[in-house]
Amino acid sequence: QEKQRGVQESNALRDWLNTNPDLNAPENRQKLRFGFGETGLRYGKALQEEATARLDNQTKIGTIMGQHAAAVLANPTLENAVTQVTRFGKATGSDITNELADLQKLGNDPIAIANWAKGHGMKANELVTTAETARHNRATETVAQQRLQAELNATGNLSEIGRAHV
C-alpha cells in the first residue's frame, strides 16, 4: 500500500509538472510542498538545492565582478579594464566577448571607463543583494519543508494542517 501511494504521488506530480506550472509562483511552490506527499517534498527539496547552488554562484560572480570593477575604478585605463575583465572571465567561466568589445568602443577615455566600471559595480551589488534576499526566502521555505518531512517520517502521512495547504 505504501508503494502504491508512492506511485500515485509520483504520477500525480508528473502529470502536474507536465502542465508547465510556474514553480516560482508561491501558490505552485506551496502545492508542490503539500500536494504530492513525500514525492513532492523530495522533488521540492531537490529544486531548493538547485536554487541554492544557483544563488551561491550568483553571489560568487557578483562578488568577483565587484572586485574587478573596483580595480578598474582605481586605475581607469583601457589596458587595466581589459586585464580585469579577462581575469573576471577566467575566474567565473563567463563569456567576456561583449564586455571586451564594449571596452574597445570606449577607447582609452578614463571617464568613460570609470563610468563603465561604476555600472558594473552597481550590477555586482545588485546580483549579491538579490541572491541574499532569495536565499533568505528559500531558508524560510526550507524550515517549513523540514517540518513536513519530519511529520511524514514520524506518521507516514501529512496532517490535516499540511493537507489544508493543497
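**Describing helix α1 (residues 2–17)**
In an α-helix there are 3.6 residues to a turn, and that puts residues three or four apart on one side. For α1, with 16 residues, the first-to-last C-alpha span of 22 Å sits near the 22 Å given by 1.5 Å per residue. Burial in α1 covers these residues: Glu9, Leu13 and Trp16. Here the buried residues of α1 occupy an arc of 65 degrees about the axis, which is enough to place them on one side. The inward-facing, buried residues of α1 contact α2 (26–34) and α3 (37–74).

**Topic: helix α4 (residues 78–92)**
Taking 1.5 Å of rise per residue, the 15 residues of α4 would be expected to cover 21 Å, and the 21 Å separating its terminal C-alpha atoms lies within 8% of that figure. All of the buried residues along α4 are Leu78, Asn80, Ala81, Gln84, Val85, Phe88, Gly89 and Thr92. The positive-phi residue at the C-terminal boundary of α4 is Gly93, with phi of around 75 degrees.

**Notes on the packing of α2 against α3**
At a closest axis distance of 6 Å, the pairing of α2 and α3 adopts a crossing angle of 130 degrees. Looking at the two axes, α2 sits oblique to α3. Taking contact as the criterion, the partners of Leu32, Arg33 and Phe34 in α2 are, on α3, Gly37, Gly40, Leu41, Tyr43, Gly44 and Leu47. Residues of the contact of α2 with α3, tallied by class, amount to 5 nonpolar, 3 polar and 1 charged.

**Things to note about the pattern of salt bridges**
Considering all chains together, one arrives at 1 salt bridge under this definition. Its salt-bridge partner being Arg14, residue Asp15 comes within 3.3 Å of it at the nearest N-O pair. For Asp15, a relative accessible area of 43% gives the class partly exposed. Relative accessible area serves as the criterion here: at 43%, Arg14 is assigned to the partly exposed category.

**Digging into the packing of α1 against α3**
Contact pair α1 / α3: the axes reach a minimum separation of 7 Å and the direction vectors enclose 50 degrees. Relative to α3, the element α1 is oriented oblique. From α1, Gly6, Glu9, Ser10, Leu13 and Leu17 reach across to α3, where they touch Gly37, Glu38, Thr39, Gly40 and Tyr43. Taken together, the residues of the contact of α1 with α3 break down into 3 nonpolar, 5 polar and 2 charged.

**Examining the confidence of the model for the chain**
Mean pLDDT for the chain: 77, with 78% of residues reaching 70 or above. Contacts of residues 158–166 to residues separated by more than four positions or lying in other chains number 14 contacts, the stretch itself having pLDDT below 50.

**Examining the environment of Ser94**
As for its position among the elements, Ser94 is in the loop between α4 and α5 (97–106). Taking the relative accessible area as the measure of exposure, Ser94 reaches 26% and is therefore partly exposed. Taking the C-alpha atoms as reference points, Ser94 and Ile61, separated by 33 residues in sequence, lie 8.9 Å from one another. Filtering out sequence-adjacent residues up to four positions away, Ser94 remains in contact with Phe88 and Gly89. Of note is the side chain of Ser94, whose polar atom sits 2.7 Å from the side chain of Thr92.

Rules used throughout
Residues numbered from 1 in each chain as written. Predicted model: local features only at pLDDT ≥ 70, side-chain atom pairs only at ≥ 80, totals over all residues. Heavy atoms only, no water. Helix = DSSP H or I, 4+ residues; strand = E, 2+ residues; numbered from the N terminus. Expected span 1.5 Å × (residues − 1). Buried < 20%, exposed > 50% of the residue type's maximum accessible area, 1.4 Å probe, protein only. Arc of directions from axis to C-beta. Contact = heavy atoms within 4.5 Å. Axes fitted to C-alpha atoms, helices over the stretch in contact; angles between N-to-C directions. Parallel < 35°, antiparallel > 145°, perpendicular 65-115°, else oblique. Nonpolar A, V, L, I, M, F, W, Y, C, P; charged D, E, K, R; others polar. Salt bridge = Lys/Arg side-chain N within 4 Å of Asp/Glu carboxyl O. pLDDT = per-residue confidence, 0-100. Polar contact = N/O pair within 3.5 Å; in protein donor to acceptor, adjacent residues only side chain to side chain.

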